Amino acid sequence: MKEIHQAISKKLGGLTMPAKMSVEEKFMKEALKEAKKAYFIDEVPIGCVIVQDDKIIARGYNRRNIDKNTLAHAELTAIRKASKKIGDWRLEDCTMYITLEPCQMCAGAIVQSRMKKVVIGAMNPKAGCAGSVLNLLQIPKFNHQVEIVNGILEEECSSMLSGFFVKLRERKKEKLAEE
């Protein structure tokens, strides 16, 4: 096997193969795919998947503007689908992968669903409730706390959001210029 790797590396001009993707990275890539769906319908590109037993059981992406619904966040959509899929509101043995740190509404729903773990791509210093502004996922007085892992594919998650807001500001400038 080592010889094959060296041969491939030599053919590629000394480039080495990338390190094997971690489980967290694998599922965060899936959450990023969901975020892209939001991006292409001009929604804030936030995506989410919920995993149980190493299988994705639910997906979600932001649809607030399209649905004209405050509750149409990626996390809430995925929680609703996961609960329906397993036939229970308790998601105790599930992990959520989300491209942006959850807001207070979504953090509350995550705690209420008894989610075991949340894996976050980018933190949200203005509104994040998994450690940035507040940490609603780990309040000791609540009856459930959620394990948090953050910074998984942070650059990819962050740059998708930044790119979206750059595009949004450019469109607003163009619209003002037309008036």
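All chains use their own residue numbering, which begins from 1 and follows the written sequence. Selection of residues for local features in this predicted model requires a pLDDT of at least 70, selection of side-chain atom pairs for listing and counting requires 80 or more, and totals for whole chains, interfaces and linings are taken over all residues. Based on all heavy atoms of the structure, the side-chain values leave hydrogens and waters out of the count.

Novice: Help me out: how do you make sense of the overall build of the chain in this one?
Specialist: A tally of helices and strands in the chain yields 6 helices and 5 strands. Secondary structure of the chain in N-to-C order comes out as α-α-β-β-α-α-β-α-β-β-α. Residues classed as buried in the chain amount to 41% of the 179 residues present. Any two residues having at least one pair of non-hydrogen atoms within 4.5 Å are treated as being in contact. Here the contacts in the chain between residues at least 6 apart in sequence split such that 56% fall between residues at least 24 apart. Accessible surface, the chain as shown: approximately 10,900 Å² in total, 54% of it carbon and sulfur. In this description a helix means any DSSP run of H or I spanning at least four residues, a strand means any run of E spanning at least two, and both kinds are numbered starting from the N terminus. Think of it in three bands: residues with accessible area under 20% of the maximum for their type are buried, residues over 50% are exposed, and the middle band is partly exposed, with areas taken using a 1.4 Å probe on protein chains only. To measure how exposed things are, a 1.4 Å probe is used in the Shrake-Rupley method; for residues, cover is taken only from the protein chains shown.

Novice: What am I meant to see in the packing of helix α2 (residues 23–40) against helix α6 (residues 154–178) here?
Specialist: In helix packing, the relevant descriptors are the interaxial angle and the interaxial distance, both defined with respect to the helix axes. An axis is simply a line fitted to the C-alpha atoms; with a helix, the fit covers only the stretch in contact. Between two such axes, the angle follows the N-to-C directions and lies from 0 to 180 degrees. Axis separation between α2 and α6 bottoms out at 10 Å; the angle between their running directions is 10 degrees. In this view, α2 runs roughly parallel relative to α6, as classed from their interaxial angle. In this structure, α2 contributes Met28, Lys29, Leu32, Ala35, Lys36 and Tyr39 to the contact, and α6 contributes Glu156, Cys157, Met160, Gly163, Phe164 and Lys167. Class assignment of the residues belonging to the contact of α2 with α6 gives a composition of 7 nonpolar, 1 polar and 4 charged. Under this scheme an angle from 65 to 115 degrees is roughly perpendicular, one under 35 degrees roughly parallel, and one over 145 degrees roughly antiparallel; angles in between are oblique. The classification used treats Ala, Val, Leu, Ile, Met, Phe, Trp, Tyr, Cys and Pro as nonpolar, Asp, Glu, Lys and Arg as charged, and all other residues, Gly among them, as polar.

Novice: Just to check I follow, could you spell out the sheet that holds strand β3 (residues 94–100) for this structure?
Specialist: Sheets are built from strands that pair by backbone hydrogen bonding, the pairs being arranged parallel or antiparallel. Pairing between strands requires that DSSP locate at least two bridges from one strand to the other. Strand order across the open sheet formed by 5 strands is β2-β1-β3-β4-β5, with mixed pairing between neighbours. The outermost strands of the open sheet, each flanked by one partner alone, are β2 (55–61) and β5 (147–150). Adjacent strand axes in the sheet meet at a mean angle of 20 degrees when their direction is disregarded. Two strands pair when backbone bridges link them, and strand β1 (residues 47–52) and β2 are joined in this way by 6 bridges, in the antiparallel orientation. Following the sheet pairing, Val51 is matched in β2 by Ile56.

Novice: Explanation requested: the packing of aromatic side chains in the structure shown.
Specialist: For any pair of aromatic rings, geometry is given as the distance between the ring centres together with the angle between the planes. Pairing of aromatic rings covers Phe, Tyr and the six-membered ring of Trp, with a centre-to-centre limit of 6.5 Å; geometry is then stacked below 30 degrees between planes, edge-to-face above 60, and tilted otherwise. This model, assessed by the stated rule, comprises 4 aromatic pairs. The rule is short: NZ of Lys or CZ of Arg within 6 Å of the ring centre and within 35 degrees of the ring normal puts a charge over the ring. Above the ring of Tyr39, the side-chain terminus of Lys167 is found at 4.4 Å from the ring centroid.

Novice: Mind showing me how you'd approach the pairing of β1 here?
Specialist: The side chains of a regular strand alternate between the sheet's two faces. Among the 6 residues that make up β1, 6 are buried, leaving the element largely enclosed by the rest of the structure. Burial along β1 is two-sided: the face carrying Gly47, Val49 and Val51 and the face carrying Cys48, Ile50 and Gln52 are both buried. Where β1 and β3 come together, 5 bridges link them in antiparallel fashion. Pairing of Val51 across the sheet is with Thr95, part of β3.

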